[in-house]
Amino acid sequence: MQHEAHAAHTHHPEVAASSSWAMAVRATLHCLTGCAIGEVLGMVIGTALGWGNVPTLVLAIALAFFFGYALTLRGVLKAGVDLRAALKVALAADTLSIAVMELVDNGVIVLWPGAMDAELADPLFWWVLAIALTVAFVLTTPVNKWMIGRGKGHAVVHQYHH
């Protein structure tokens, strides 16, 4: 494996030193991209099919995790890591970040009056979704900074980027 020399990176002090807010923002934007793809797709599918709130939320959350992990997997696999190891990296790097993002953004949507009943053609659907993802980004960024500072989260993925 071409990245065996990188395995020790997670134990180096420079990982904690490099846990800047900029790195946390990049990690959160990466997470947000996967979550937003899955969230929007799930909400659109559930709403278009006339599903109730709970099945639509379950689909949106499942797809957010799927696309969040898929984006990380793509990059790690591209770096030459085998699938089993890449899956471990993606799970370790993204699970907490995606979970926080999904809890926050779906919490905003559920609590926003009328948002769960809005149809695709209703501007409220799109505005609340955008606001929810923005709030989730703001609240997930410190979580990512904390994880990166401890050599976890996207600090694990970072060792595979050149």
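Residues numbered from 1 in each chain as written. Predicted model: local features only at pLDDT ≥ 70, side-chain atom pairs only at ≥ 80, totals over all residues. Heavy atoms only, no water.

S.K.: I'd like a description of the overall build of the chain, backed by residues and values.
M.R.: Assigned secondary structure in the chain consists of six helices and zero strands. When the elements of the chain are put in sequence order from the N terminus, they spell out α-α-α-α-α-α. For the chain, long-range pairs separated by at least 24 residues make up 75% of all intrachain contacts whose partners lie at least 6 apart in sequence. (Helix = DSSP H or I, 4+ residues; strand = E, 2+ residues; numbered from the N terminus. Contact = heavy atoms within 4.5 Å.)

S.K.: A description of the UniProt feature "transmembrane region" (unreviewed entry) in the chain should follow, citing residues and the corresponding values.
M.R.: Here, the residues flagged by UniProt with the feature "transmembrane region" (unreviewed entry) are residues 29-51, 57-77, 89-112 and 124-143. End C-alpha atoms of residues 57-77 are separated by 30 Å, and the span's content is 100% helix alongside 0% strand. (UniProt positions renumbered as here; feature names shortened; annotations may be inferred.)

S.K.: Go over the environment of G68, please, and point to the residues and values.
M.R.: Tracing the chain through its elements places G68 in helix 3 (residues 53-78). When the C-alpha positions of G68 and S97 are compared, they lie 9.5 Å apart, and in sequence the two are 29 residues distant. Those residues within four positions of G68 in sequence are excluded, and the remaining contacts are H30, G34, D94 and I98.

S.K.: Tell me what's going on with the packing of helix 2 (residues 21-48) against helix 3, and back it up with residues and numbers.
M.R.: Two elements in contact, helix 2 and helix 3, have axes whose closest approach is 7 Å; the angle formed by their N-to-C orientations is 145°. Between helix 2 and helix 3 lies a crossing of right-handed hand. (Axes fitted to C-alpha atoms, helices over the stretch in contact; angles between N-to-C directions. Left-handed = near helix turned anticlockwise from the far one by under 90°.)

S.K.: Provide a residue-level description of the packing of aromatic side chains, including the pertinent values.
M.R.: This model, assessed by the stated rule, comprises three aromatic pairs. With centroids separated by 5.9 Å and ring planes inclined at 50°, the aromatic side chains of F65 and Y69 adopt a geometry described as tilted. On the criterion of helical spacing, the pair formed by F65 and Y69 is a turn pair, its members being four residues apart in helix 3. Look at Y69 and you get buried, because its relative accessible area is 16%. Aromatic pair F66 and F67: ring centres 5.1 Å apart, planes at 85°, arrangement edge-to-face. Residue F67 is classed as partly exposed on the basis of its relative accessible area of 22%. The positively charged end of K145 is found above the aromatic ring belonging to W21, 5.3 Å away from the centroid. (Phe/Tyr/Trp six-rings, centres within 6.5 Å; stacked < 30°, edge-to-face > 60°. Buried < 20%, exposed > 50% of the residue type's maximum accessible area, 1.4 Å probe, protein only. Lys NZ or Arg CZ within 6 Å of the ring centre and 35° of its normal.)

S.K.: Talk me through the nonpolar core; I want residue IDs and the actual numbers.
M.R.: Counting residues in each nonpolar core, the largest one holds 33 residues, and the members touching the most others are C35, M43, I98, M101 and I109. Those elements giving two or more residues to this core turn out to be helix 2, helix 3, helix 4 (83-111) and helix 5 (123-149). In terms of residues, this core owes the most to one element, helix 4, which gives nine residues. (Core = buried A, V, L, I, M, F, W, Y, C linked by side-chain atoms within 4.5 Å.)

S.K.: Give me the lowdown on the packing of helix 3 against helix 4, citing residues and values where you can.
M.R.: With their axes 8 Å apart at the nearest point, helix 3 and helix 4 run at an angle of 145° to one another. Both helix 3 and helix 4 take part in a crossing whose hand is right-handed. Within the contact of helix 3 with helix 4, the residues separate by chemical class into 18 nonpolar, four polar and two charged. (Nonpolar A, V, L, I, M, F, W, Y, C, P; charged D, E, K, R; others polar.)

S.K.: Give a detailed account of the confidence of the model for the chain, specifying residues and quantitative values.
M.R.: Averaged over every residue, the pLDDT of the chain is 84; residues scoring 70 or more account for 83%. Helix 1 (residues 13-17) is the least confidently modelled element of the chain, averaging 45 in pLDDT, while helix 5 averages 93, the highest of any element. Note that pLDDT drops below 50 for residues 1-17; the model gives that stretch 23 contacts with residues more than four away or on any other chain. (pLDDT = per-residue confidence, 0-100.)

S.K.: Describe in detail helix 3, supporting the description with residues and values.
M.R.: Helix length check: helix 3, at 26 residues, gives a terminal C-alpha distance of 37 Å against a target of 38 Å (1.5 Å per residue), a fit within 8%. G80 sits one or two positions beyond helix 3 and adopts a positive phi of about 95°. (Expected span 1.5 Å × (residues − 1).)

S.K.: Which residues make up the side chain of E102, and what values do they have?
M.R.: Along the chain, E102 falls in helix 4. Of the side chains bearing the opposite charge, R74 lies closest to the buried E102, which forms no salt bridge; the N-O distance is 18 Å. Every residue in contact with E102, bar those within four places of it in the chain, is listed here: C35, E39, A60, I61, A64, F65 and G107. (Lys, Arg positive; Asp, Glu negative; His and termini not counted. Salt bridge = Lys/Arg side-chain N within 4 Å of Asp/Glu carboxyl O.)

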